[in-house]
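# Notes for the structure review
Chain by chain, the residues:
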Amino acid sequence: MADRRRLKEELRNSKRITIFMSGDVMTGRGIDQVLPHPGDPLIHESYMKSAAGYVKIAEEVNGPIQQPVSFSYIWGGRTRGIGPGRTGSQDN
């Protein structure tokens, strides 16, 4: 619990964020849990046993996440200008 409080405080006070992704990309596991059809939240690691725990940490730091979210929610406004016939699209 002390580790979670320390992480929460560090995130609040930080002006930048460093993301380290490894294994099965825990960030994605948390995002999956707020989508309309989440997968099994079971995680096989010593720190966290459920991907829902990552959602809880995000909500503790940033406030409640209304669930389920739309599939475009996680991209925010980042998808504007991306689509068929535009640079960055996989649909060309």
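Before any of the text, the structure's been laid out above.
So, here's what we can say about the structure. Since the structure is predicted, the reported quantities are computational estimates derived from the model, not experimental observations.

Attention now moves to the packing of helix α1 (residues 2-13) against helix α3 (residues 52-62). At a closest axis distance of 10 Å, the pairing of α1 and α3 adopts a crossing angle of 50°. When the interaxial angle is binned, α1 and α3 end up oblique. Read as a crossing pair, α1 and α3 show a hand that is right-handed. Mapping the contact onto sequence places Arg 4, Leu 7, Lys 8, Leu 11 and Arg 12 in α1 and Lys 56, Ile 57, Glu 60 and Val 61 in α3. Counted by class, the contact of α1 with α3 contains four nonpolar, no polar and five charged residues.

A separate point is the environment of Gly 53. As for its placement among the helices and strands, Gly 53 is situated in helix α3. Since its relative accessible area comes to 12%, Gly 53 is described here as buried. Taking C-alpha positions, Gly 53 is 9.6 Å from Gln 33, a pair spaced 20 residues apart along the chain.

The rules behind the values
Residues numbered from 1 in each chain as written. Predicted model: local features only at pLDDT ≥ 70, side-chain atom pairs only at ≥ 80, totals over all residues. Heavy atoms only, no water. Axes fitted to C-alpha atoms, helices over the stretch in contact; angles between N-to-C directions. Helix = DSSP H or I, 4+ residues; strand = E, 2+ residues; numbered from the N terminus. Parallel < 35°, antiparallel > 145°, perpendicular 65-115°, else oblique. Left-handed = near helix turned anticlockwise from the far one by under 90°. Contact = heavy atoms within 4.5 Å. Nonpolar A, V, L, I, M, F, W, Y, C, P; charged D, E, K, R; others polar. Buried < 20%, exposed > 50% of the residue type's maximum accessible area, 1.4 Å probe, protein only.

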